[in-house]
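Fold and contact review
Listed below, chain by chain, are the residues.
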Amino acid sequence: MSVLPLVFTSGWASGINAYAVVLLLGIFGATGVSDEVPEALQRPDVLIAAGALFLCEAVADKIPYVDSVWDTVHTVIRPVSGAVVGALLAGQTGSLSDLAAGAVGGTTALASHAVKSGTRMAINTSPEPFSNFAMSTAEDLGVGGLISFAMFYPEAAAIIAAVLLVIGLCLLFFLVSRIRRFLRRRAQRREEKRLAERAGAPPP
């Protein structure tokens, strides 16, 4: 069970930025910082792809409304990535079954993704764009810092990730009403756009 803290932490981080997790773990494994990183994550093609996608997310995640669209697209990708990374980590050490590790990583990633996407919906109800940039930067730094910390102190990192997840879920509970207003406003904008396009269309 020694790999479980790292699986949990990587799952939490994958729900926020899956590409950063794959990139960091791959770099740590390739440079010899950790022996627990599977070779599949250290492959040059995997690192290049993860780096390119991380840059795409770093940009998209800081633009109001674009970040919510990006989160919607990654509703499946992030939990799957958390499950795959967890299973790979377990397979590398043999201290936890691949199925159990995949379940832990995927479930944790899904929970943290829900917190991230829900929080972004609430932030997008604010007219100013700076909060998106600040939140995205804090998330990137948090993921990078906690994954790096987990390489040396996995148990402590897992505790921090668990606390952050609980806080995030509690915050999400209180933001539900604001998120609902955001969804209603977005649906209203789509309807207004559709009516405007219909009004501007030439008569048959």
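Up top is the structure these notes are about.
What you see is a predicted model; the values in this text were computed from it and never measured. (Residues numbered from 1 in each chain as written. Predicted model: local features only at pLDDT ≥ 70, side-chain atom pairs only at ≥ 80, totals over all residues. Heavy atoms only, no water.)

1. What about the packing of helix 1 (residues 4-30) against helix 6 (residues 154-174)?
- Between helix 1 and helix 6, whose axes approach to 8 Å, the crossing angle comes to 40 degrees. Considering the angle they form, helix 1 stands oblique to helix 6. Classified by chirality, the crossing of helix 6 by helix 1 is left-handed. Residues Pro5, Leu6, Phe8, Thr9 and Trp12 of helix 1 lie in contact with helix 6, whose contacting residues are Pro154, Glu155, Ala157, Ala158, Ala161, Ala162, Leu164 and Leu165. (Axes fitted to C-alpha atoms, helices over the stretch in contact; angles between N-to-C directions. Helix = DSSP H or I, 4+ residues; strand = E, 2+ residues; numbered from the N terminus. Parallel < 35°, antiparallel > 145°, perpendicular 65-115°, else oblique. Left-handed = near helix turned anticlockwise from the far one by under 90°. Contact = heavy atoms within 4.5 Å.)

2. Observations regarding helix 6
- Helix length check: helix 6, at 21 residues, gives a terminal C-alpha distance of 30 Å against a target of 30 Å (1.5 Å per residue), a fit within 8%.
- Those residues of helix 6 lying buried are Pro154, Ala157, Ala158, Ala161, Leu165, Gly168 and Leu172. When helix 6 is viewed along its axis, its buried side chains cluster within an angular range of 95 degrees and face the same direction. Facing away from the buried side of helix 6, by more than 90 degrees, are the exposed residues Ile159, Ile167, Phe173 and Phe174. (Expected span 1.5 Å × (residues − 1). Buried < 20%, exposed > 50% of the residue type's maximum accessible area, 1.4 Å probe, protein only. Arc of directions from axis to C-beta.)

3. Overview of the nonpolar core
- With 30 residues, the main nonpolar core has Trp12, Ala13, Val21, Leu25, Leu89, Val143 and Ile147 as its most contacted residues.
- Put simply, the parts of the chain that give this core at least two residues each are helix 1, helix 2 (44-60), helix 3 (66-93), helix 5 (130-152) and helix 6.
- For this core, the element with the highest residue contribution is helix 1, accounting for 12 residues.
- Setting aside chain neighbours within four positions, we find Leu89 in contact with Val3, Leu6, Val7, Ser10, Glu36, Val37 and Pro38. (Core = buried A, V, L, I, M, F, W, Y, C linked by side-chain atoms within 4.5 Å.)

4. Let's talk about the side chain of Asp67
- Along the chain, the position of Asp67 falls in helix 3.
- Within the structure, the side chain of Asp67 is placed 3.1 Å from the backbone nitrogen of Tyr65, a separation counted as a polar contact.
- When near neighbours in sequence (up to four residues on either side) are disregarded, Asp67 contacts Ala60, Asp61, Arg120, Asn124 and Asn132. (Polar contact = N/O pair within 3.5 Å; in protein donor to acceptor, adjacent residues only side chain to side chain.)

5. Some remarks on a nonpolar patch on the surface
- Among the surface-exposed residues, Val33, Phe152 and Tyr153 lie close enough to one another that they form a single nonpolar patch of about 330 Å² accessible area.
- Along the polypeptide, Tyr153 turns up in the loop between helix 5 and helix 6. (Patch = residues over 30% accessible without salt bridge, like charges linked within 9 Å, V, L, I, M, F, W, Y side chains within 5 Å. Areas by Shrake-Rupley, 256 points an atom, 1.4 Å probe, with all protein chains shown as cover. Salt bridge = Lys/Arg side-chain N within 4 Å of Asp/Glu carboxyl O.)

6. Describing the pattern of salt bridges
- Scanning all chains against the criterion turns up nine salt bridges.
- Across the salt bridge formed by Asp140 and Lys62, the nearest N and O atoms sit 3.1 Å from each other. Of the two residues, Asp140 sits in helix 5 while Lys62 sits in the loop between helix 2 and helix 3, which places them 78 residues apart along the sequence. For the pair shown, Asp140 and Lys62 are each scored as buried.
- Measuring nitrogen to oxygen at the nearest pair gives 2.7 Å for the salt bridge that ties Glu139 to Lys116. Highlighted residues: Glu139 in helix 5 and Lys116 in helix 4 (residues 98-123), separated in sequence by 23 residues.
- When salt bridges that share partners are traced, they join Asp61, Asp67, Lys116, Arg120 and Glu139 into one network.

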